[in-house]
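Structural characterization, general
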Amino acid sequence: MKLRTLARALLRRWYAVVTGLLALGGLCYSVYSVVPADYKTTGSIVLLPSSETMGKGSNPYLYLTGLGQAMDVLTRRMSAPDVDAQFTRDHPAASYTIAADVTSGSSILVVTVKSRTSADATATMEAIIGAVPRELSAMQDELKVPAYSRISSMPVAAPTTPTVEGKARLQATAAAGAAGFIAVMALTALLDGLLLRRSRRRAAAGVTSARASRSIRGPLHAGAASVDDDVSGEPPHDDRSRVLVPVAAADGGPVIDDGEAAPAAPRRRKHQVSGERG
């Protein structure tokens, strides 16, 4: 459908457009109210090399770049189903991610937690930060790593205060609004097409009915006139059949040979008009 045709249809059915937009506004408000907002908090943990790697009296922050492989193993272990089940059991509404901080280029893990409430997000973050040293130690226990060669961890900073993240809510509302707007335009165009076709059918039916009525009424009038003439048995009225009959002749007075009555008195007599049939 062309844009000009669609615009005309929307103008003709403006009441349908207004009704649809009002309903769409209610739908968007409902979606915005139903979709819950998430509370997001982040924390970070740094992995520290072993004392054997650094040497006695060395600065551990100078050796953070060599722990990439250990950090990859730790992130996979923290995302394993058995470890994830520990957090989801106590915090079913929360979700989390653990990934390396690619912007720093060092062995820093970034933990991101989302939950339905601020308190639950904070509690989940504390549980994850407390679980990182345990899982790191369990990994090295499985390989029987000696104490002087063990990697340790330390929180870099306190977790951030949970903040409302309405991205999911806004995305759902925008998707509902876009889909509803397209539906309003399409339904209005469909309604306009249906009403136009019905109007054209009614107009065509009216013209056909009028033509049929005229074609039937003409022969009926002609037939009725001929039937009336046959039933009466009288010829059409003609003024030429009217004759003047003297009053005296009508009363039986003397009549002359040519059919005219002789006057009975010298004064002019009135004549009586009668119609003869013949």
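Please read all numbers here as calculations on a predicted model, not as lab measurements.

Some details on the packing of aromatic side chains
By the definition in use, this model includes two aromatic pairs. The interplanar angle of 80° and the centroid separation of 5.3 Å between the aromatic rings of Phe 87 and Tyr 96 together place this pair among those described as edge-to-face.

Describing a positive patch on the surface
The grouping of Arg 197, Arg 198, Arg 200, Arg 201 and Arg 202 at the surface amounts to a positive patch. Tracing the chain through its elements places Arg 198 in helix 7 (residues 167-232). Residue class for Arg 198 comes out partly exposed when judged on its relative accessible area of 40%.

Side note on the nonpolar core
In terms of nonpolar packing, the biggest core is built from 22 residues, with Leu 47, Leu 74, Met 78, Phe 87, Ile 98, Val 113 and Ile 128 touching the most fellow members. Among the elements that line this core, the one with the most residues is helix 6 (residues 118-142), at eight residues. Ignoring sequence-local partners within four residues, the contact set of Val 113 consists of Tyr 39, Lys 40, Thr 41, Ser 95, Tyr 96, Ala 121, Thr 124, Met 125 and Ile 128.

Some thoughts on a nonpolar patch on the surface
Taken together, the side chains of Trp 14, Tyr 15, Val 18, Leu 22 and Leu 191 define a hydrophobic patch exposed on the protein surface, amounting to about 510 Å² of accessible area. Element by element, the count of residues in the nonpolar patch is highest for helix 2 (residues 14-34), at four residues. Position of Tyr 15 relative to the elements: it lies in helix 2.

Calculation criteria
- Residues numbered from 1 in each chain as written.
- Predicted model: local features only at pLDDT ≥ 70, side-chain atom pairs only at ≥ 80, totals over all residues.
- Heavy atoms only, no water.
- Phe/Tyr/Trp six-rings, centres within 6.5 Å; stacked < 30°, edge-to-face > 60°.
- Patch = residues over 30% accessible without salt bridge, like charges linked within 9 Å, V, L, I, M, F, W, Y side chains within 5 Å.
- Areas by Shrake-Rupley, 256 points an atom, 1.4 Å probe, with all protein chains shown as cover.
- Salt bridge = Lys/Arg side-chain N within 4 Å of Asp/Glu carboxyl O.
- Lys, Arg positive; Asp, Glu negative; His and termini not counted.
- Charge placed at Lys NZ, Arg CZ, Asp CG, Glu CD.
- Helix = DSSP H or I, 4+ residues; strand = E, 2+ residues; numbered from the N terminus.
- Buried < 20%, exposed > 50% of the residue type's maximum accessible area, 1.4 Å probe, protein only.
- Core = buried A, V, L, I, M, F, W, Y, C linked by side-chain atoms within 4.5 Å.
- Contact = heavy atoms within 4.5 Å.

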